[in-house]
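Analysis of the macromolecular model
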2 protein chains.
Amino acid sequence: MSTAEETDGDSAPWAEVTPEAARRLLVAAVDAFAERGYHATTTRDIAGRAGMSPAALYIHYRTKEELLHRISRIGHDRALFVLEAAADGGGTAAERLAEAVRSFVRWHAERHTTARVVQYELDALGEEHRAEIVELRRRSDAVVRRIIGEGVRAGEFDVPDVPGTTLAVLSLCIDVARWFNAQGSRTPDEVGELYADLVLRMVAAKR
Amino acid sequence: MSTAEETDGDSAPWAEVTPEAARRLLVAAVDAFAERGYHATTTRDIAGRAGMSPAALYIHYRTKEELLHRISRIGHDRALFVLEAAADGGGTAAERLAEAVRSFVRWHAERHTTARVVQYELDALGEEHRAEIVELRRRSDAVVRRIIGEGVRAGEFDVPDVPGTTLAVLSLCIDVARWFNAQGSRTPDEVGELYADLVLRMVAAKR
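Because the structure is a prediction, the values reported are computed rather than measured.

1. A short note on the UniProt feature "domain: HTH tetR-type" (unreviewed entry) in chain A
Here, the residues flagged by UniProt with the feature "domain: HTH tetR-type" (unreviewed entry) are residues 19-79 of chain A. Taken end to end, residues 19-79 of chain A comprises 77% helix and 0% strand; its first and last C-alpha atoms sit 23 Å apart.

Okay, structure coming up:
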């Protein structure tokens, strides 16, 4: 409940991870991976950051890769959840696309340390875990592509290249995790509003 | 002259680095940092990849940080150069903005391994080197902001938030380095064309 990333009314980071010792280890792993990179971090480092012994870590996670997989899985599940909630939320395609961008951007701004680990350490996952995460990313992509496609068919949007525009929209939102600074001049909500407007321009939404 | 990244008529990667041994070490450092992260890479790893001894490395670079700084400096100089060339290239603001996006995207696609190291390992630079790189980034930002501002003043663009839109345009282009795959379905030129069109939409360019 104490990481620097917790910035708003969102539930406590990793509240879904129990017991408490497993949650603390996950928070410590995110911080260590973000600071030094996955390959430069040892399970001893992670246990130390969590104030625990290496032996205590192994009760909850067999390997360092299992920690990365857990972080990546929860991060991707959450990202897919916010996109699906926006897509199924009702309203015009423009309203749903704007809401998808706002909530996806907010997630990447508020949880930027987690998002960086999730985005930049994909190659460190084992083959099976990587395939599972790639499938979640494919589903996130499909949600956004569906909203844009619906807008085009309804005559609301003018988009010559729907897959390419989908890729660009998601990329724009994901990169917020790289540059966002909690001490910077824009709040996560402000970035979300700016980006929702820019994305509606990208699809030439009739307003 | 042999790295996998060399994809087109661009000059050989790191051709500006001499003598040849220093260039080979730099290419090896880029590959090692990209694969394992800066902190997990040793100067011994880098020398080994270049087929040289650690002692031979120290003739050219005193520290690992000096290698990262050299990579980051050349990468940022090159990025600023392509943006300035486009900005000063003549034509309308829309033509110059489109060309800036095309060439900036091409650079991040063709040199994606280098660009990832340059973008993700900024925090590993020493204080003085980091300040120098931040200044180069500030200048790249200013180039794009200037083109957008000129378009707004000329009545070519409609942009409510010029600094925010500048940030988003650069972020969109930079993130190409994260997702671009040389085996993927789009060439660097095709991504550049797509993105130039999307950015002209973001600024509501009159066409």
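2. What to know about the interface of chain B and chain A
In this complex, chain B contributes 30 residues to the contact, which on the side of chain A involves 30 residues. Of the roughly 2,600 Å² buried at the junction of chain B and chain A (both faces included), carbon and sulfur atoms supply 56%. Broken down residue by residue, the surface that chain B buries against chain A is led by B:His39, B:Arg178 and B:Arg201, which jointly contribute 24%. Counting across the interface, chain B meets chain A through two salt bridges. In this structure, A:Arg186 engages B:Asp161 in a salt bridge whose closest nitrogen and oxygen atoms are separated by 2.8 Å. Summed over the shared surface of chain B and chain A, the number is 10 residue pairs in polar contact (both at pLDDT 80 or more). Those elements that place two or more of their residues in the side of chain B that touches chain A are α1 (20-36), α6 (112-120), α8 (162-174), α9 (176-179) and α10 (188-202) of chain B. If one sorts the elements of the side of chain B that touches chain A by residue count, α8(B) sits on top with eight residues.

3. Overview of the side chain of A:Ser103
Relative to the helices and strands, A:Ser103 resides in helix α5 (residues 93-110). Setting aside chain neighbours within four positions, we find A:Ser103 in contact with A:Val82 and A:Ala86.

4. A word on the domain arrangement of chain A
Residues and elements named next belong to chain A. Entries for chain A in the domain assignment read domain 1 (12-62) and domain 2 (64-202). Taking the mean C-alpha position of each, domain 1 and domain 2 sit 26 Å from one another. On the domain 2 side, the residues contacting the 21 residues of domain 1 number 14 residues. When domain 1 packs against domain 2, the two sides together hide about 1,700 Å² of surface, and 70% of this comes from carbon and sulfur. Three residues stand out in domain 1 for area buried against domain 2, namely Trp-14, Tyr-38 and Tyr-61, and they jointly supply 37% of the buried area on that side. Viewed at the interface, domain 2 and domain 1 are joined by one salt bridge. Between the two partners, domain 1 and domain 2, sit five residue pairs in polar contact (both at pLDDT 80 or more). Where the side of domain 1 that touches domain 2 is concerned, the elements lending two or more residues are α1 (20-36), α2 (43-49) and α3 (54-60). For the side of domain 1 that touches domain 2, the element with the highest residue contribution is α1, accounting for seven residues.

5. Describing the relation of the copies chain B and chain A
Superposition of chain B onto chain A requires a rotation of 180 degrees combined with a translation of 0.0 Å along the rotation axis, giving an RMSD of 0.0 Å. When the rotation and shift are considered jointly, the pair of chain copies conforms to a two-fold rotation axis. No C-alpha of chain B approaches the rotation axis more nearly than that of B:Ala40, which lies at 2.1 Å.

6. Quick notes on the pattern of salt bridges
Summed over the entire model, instances satisfying the criterion amount to 36 salt bridges over all chains. We note a salt bridge from A:Asp123 to A:Arg130, for which the minimum N-O separation is 3.0 Å. Overall, the relative accessible area of 61% leaves A:Asp123 in the exposed class. A salt bridge links B:Asp197 to B:Arg201; its shortest N-O distance comes to 3.2 Å. Residue B:Asp197 and its partner B:Arg201 are both found in helix α10; the two are separated by four residues, about one turn of the helix. A cluster of three or more residues bridged by salt bridges with shared partners is formed by A:Asp88, A:Arg96, A:Arg146 and A:Glu150.

7. Observations regarding the packing of α8(B) against α10(B)
Residue and element names in this part refer to chain B. Contact pair α8 / α10: the axes reach a minimum separation of 11 Å and the direction vectors enclose 165 degrees. In terms of axis orientation, α8 runs roughly antiparallel to α10. Considering how the two elements wind past one another, α8 and α10 form a crossing that is right-handed. Facing Ala-168, Val-169 and Leu-172 of α8, the residues of α10 in contact are Tyr-195, Val-199 and Met-202.

8. A look at α1(B)
Residue and element names in this part refer to chain B. Taking 1.5 Å as the rise per residue, α1 with 17 residues should run 24 Å; its terminal C-alpha atoms sit 24 Å apart, in good agreement. Along α1, the residues classified as buried are Ala-22, Arg-23, Leu-25, Leu-26, Val-27, Ala-28, Ala-29, Val-30, Ala-32 and Phe-33. On its buried face, α1 is in contact with α2 (43-49), α3 (54-60), α4 (64-87) and α6. Backbone geometry just downstream of α1 places Gly-37 in the positive-phi region, at approximately 90 degrees.

Rules behind the numbers
The residue numbers shown here count from 1 along each chain, following its written sequence. Here every chain gets a letter starting at A, and every ligand a number starting at 1, in the order they are written. With pLDDT at 70 or above as the cut-off, local features in this predicted model cover only qualifying residues; side-chain atom pairs require 80 or more to be listed or tallied, and sums for whole chains, interfaces and linings still use all residues. Each side-chain value is worked out from all heavy atoms of the structure, with water and hydrogens disregarded. UniProt positions are given in the numbering used here, feature names are shortened, and annotations may be inferred rather than shown by experiment. By the criteria applied, helices consist of DSSP H or I runs no shorter than four residues and strands consist of E runs no shorter than two, each listed in order from the N terminus. Here, two residues are considered to be in contact whenever any of their heavy atoms come within 4.5 Å of each other. When two parts are put together, the accessible area they lose, computed with a 1.4 Å probe and summed over both, is reported as buried area. What counts as a salt bridge is simple: a side-chain nitrogen of Lys or Arg found within 4 Å of a carboxyl oxygen of Asp or Glu. Two N or O atoms form a polar contact when they lie within 3.5 Å of each other; inside protein one atom must be a possible hydrogen donor and the other a possible acceptor, and for residues adjacent in sequence the pair counts only when both atoms belong to side chains. Residue ranges for the domains originate in an automatic or database domain assignment. When the copies are superposed, the least-squares fit draws on C-alpha atoms of residues that have pLDDT of at least 70 in both. Buried, partly exposed and exposed residues are distinguished by accessible area as a fraction of the type maximum, computed with a 1.4 Å probe on protein chains only: under 20%, between the cut-offs, and over 50%, respectively. Whenever a helix is involved, its axis is fitted only over the stretch in contact; in every case the axis is a line through C-alpha atoms, and angles between N-to-C directions fall within 0 to 180 degrees. Each angle gets one of four labels, with under 35 degrees taken as roughly parallel, over 145 as roughly antiparallel, 65 to 115 as roughly perpendicular, and the rest as oblique. Should the near helix be turned counterclockwise from the far one by less than a right angle, the crossing is left-handed, whereas a clockwise turn marks it as right-handed. By this rule, a helix spans an expected 1.5 Å times one less than how many residues it contains.

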